[in-house]
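A structural walkthrough
Spelled out from the first residue to the last, the chains are:
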Amino acid sequence: MAERRPLSPDAQRARQLLLAGLAGGHAAALTAVGLLWALRGAEAGATGAIGAAATLAFYTIALAVQLAVADAAPKVVLFAWFASYVTRVSLLGVGLAAVLANAERWAWLDPVALFVATISTVGGWLGLELFTYSRMRVPVYDDPS
């Protein structure tokens, strides 16, 4: 079995942000889906779960790509981010097109639940990620003393 190299400081910071986002996103998603299920019924809960899962996948892929290229040159990081963004948005567009093309099959979807779960998950992800980032030690900003 090959021995794993330790992560670089940049990769460690990227992993820390990924884990914080996952924790915050999942906490918010589970809360939102549970409340939607309890207050609006099973269809709202299922719709919320779809929205939360898509949101978690969107952000997880973004930070996983950033973790993969954390030690690369800035131009490579920018290209990787841009390529992942275009891919993620395109996949969401394909999903939306599939739902709209078969609207009668997806009539049970609850737009309010989708909105609430998606926004809650985004807020949870970004909230804990920003909280974690605000407490991170980034050497380029630290006073040398």
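Quick look at the structure, then. Owing to the predicted nature of the structure, the values given are computational and were not obtained by experimental measurement. (Residues numbered from 1 in each chain as written. Predicted model: local features only at pLDDT ≥ 70, side-chain atom pairs only at ≥ 80, totals over all residues. Heavy atoms only, no water.)

Focus: the overall build of the protein
Along the backbone of the protein there are 4 helices and 0 strands. The N-to-C order of helical and strand elements in the protein reads α-α-α-α. Against the 2.2 N^0.38 benchmark of 15 Å for 145 residues, the protein shows a C-alpha radius of gyration of 18 Å, more extended than a compact globule. Structurally, the protein occupies a C-alpha span of about 60 × 35 × 30 Å along its principal axes. Every one of the 145 residues in the protein was classed for burial, and the buried ones make up 30%. When contacts within the protein are restricted to residue pairs at least 6 apart in sequence, those whose partners lie at least 24 apart make up 79%. (Helix = DSSP H or I, 4+ residues; strand = E, 2+ residues; numbered from the N terminus. Rg over C-alpha atoms; globule rule 2.2 N^0.38 Å. Buried < 20%, exposed > 50% of the residue type's maximum accessible area, 1.4 Å probe, protein only. Contact = heavy atoms within 4.5 Å.)

A short note on the pattern of salt bridges
A side chain with one charge may pair with a side chain of the opposite charge, provided their charged atoms come close. All told, the structure shown has 2 salt bridges when counted by the stated rule. A salt bridge links Asp10 to Arg13, with the shortest nitrogen-to-oxygen separation between them at 2.4 Å. Highlighted residues: Asp10 and Arg13, both in helix 1 (residues 9-40), separated by 3 residues, approximately one helical turn. Exposure remark for Asp10: the relative accessible area of 37% places this residue in the partly exposed category. A salt bridge links Arg40 to Asp110; its shortest N-O distance comes to 2.8 Å. Of the two residues, Arg40 sits in helix 1 while Asp110 sits in the loop between helix 3 (74-101) and helix 4 (111-134), which places them 70 residues apart along the sequence. For Arg40, a relative accessible area of 47% translates into the label partly exposed. (Salt bridge = Lys/Arg side-chain N within 4 Å of Asp/Glu carboxyl O.)

Some points on the side chain of Thr55
Along the chain, the position of Thr55 falls in helix 2 (residues 42-68). Not counting the four nearest positions on each side in its chain, Thr55 is found in contact with Thr118, Thr121 and Val122.

Considering helix 3
In this model, helix 3 (28 residues) spans 40 Å end to end at C-alpha, consistent with the 40 Å of a helix rising 1.5 Å per residue. Tucked inside the fold, the buried residues of helix 3 contact helix 2. (Expected span 1.5 Å × (residues − 1).)

Focus: helix 4
With 24 residues, helix 4 extends 34 Å from end C-alpha to end C-alpha; this agrees with the ideal 34 Å at 1.5 Å per step. Along helix 4, the positions that sit buried rather than exposed are Ala113, Ala117, Thr121, Gly124, Trp125, Glu129 and Thr132. Taken together, the buried residues of helix 4 touch helix 1 and helix 2. The N-capping residue of helix 4, defined by a side-chain oxygen 3.1 Å from the backbone nitrogen of Val112, is Asp110. (Polar contact = N/O pair within 3.5 Å; in protein donor to acceptor, adjacent residues only side chain to side chain.)

Let's talk about the packing of helix 2 against helix 4
Where helix 2 meets helix 4, the closest approach of the two axes is 7 Å, and the angle between their N-to-C directions is 35°. Judged by the sense of rotation from one axis to the other, the crossing of helix 2 with helix 4 is right-handed. On the side of helix 2, the interface is formed by Ala44, Thr47, Gly48, Gly51, Ala52, Thr55, Leu56, Tyr59, Thr60 and Leu63, while helix 4 contributes Ala113, Leu114, Ala117, Thr118, Thr121, Val122, Trp125, Leu126 and Glu129. Here the contact of helix 2 with helix 4 is composed, by residue class, of 11 nonpolar, 7 polar and 1 charged. (Axes fitted to C-alpha atoms, helices over the stretch in contact; angles between N-to-C directions. Left-handed = near helix turned anticlockwise from the far one by under 90°. Nonpolar A, V, L, I, M, F, W, Y, C, P; charged D, E, K, R; others polar.)

Side note on the nonpolar core
Counting residues in hydrophobic clusters, the biggest one holds 7 residues: Leu18, Ala29, Val33, Ala52, Leu56, Leu63 and Trp125. Those elements giving two or more residues to this core turn out to be helix 1 and helix 2. (Core = buried A, V, L, I, M, F, W, Y, C linked by side-chain atoms within 4.5 Å.)

Brief notes about the packing of helix 1 against helix 2
Interaxial distance between helix 1 and helix 2 falls to 8 Å at its minimum, and their mutual angle equals 175°. Classed by the angle they form, the pair helix 1 and helix 2 counts as roughly antiparallel. Among the residues forming the contact of helix 1 with helix 2, the class breakdown is 17 nonpolar, 6 polar and 2 charged. (Parallel < 35°, antiparallel > 145°, perpendicular 65-115°, else oblique.)

Function cannot be read off these values alone, since they describe shape.
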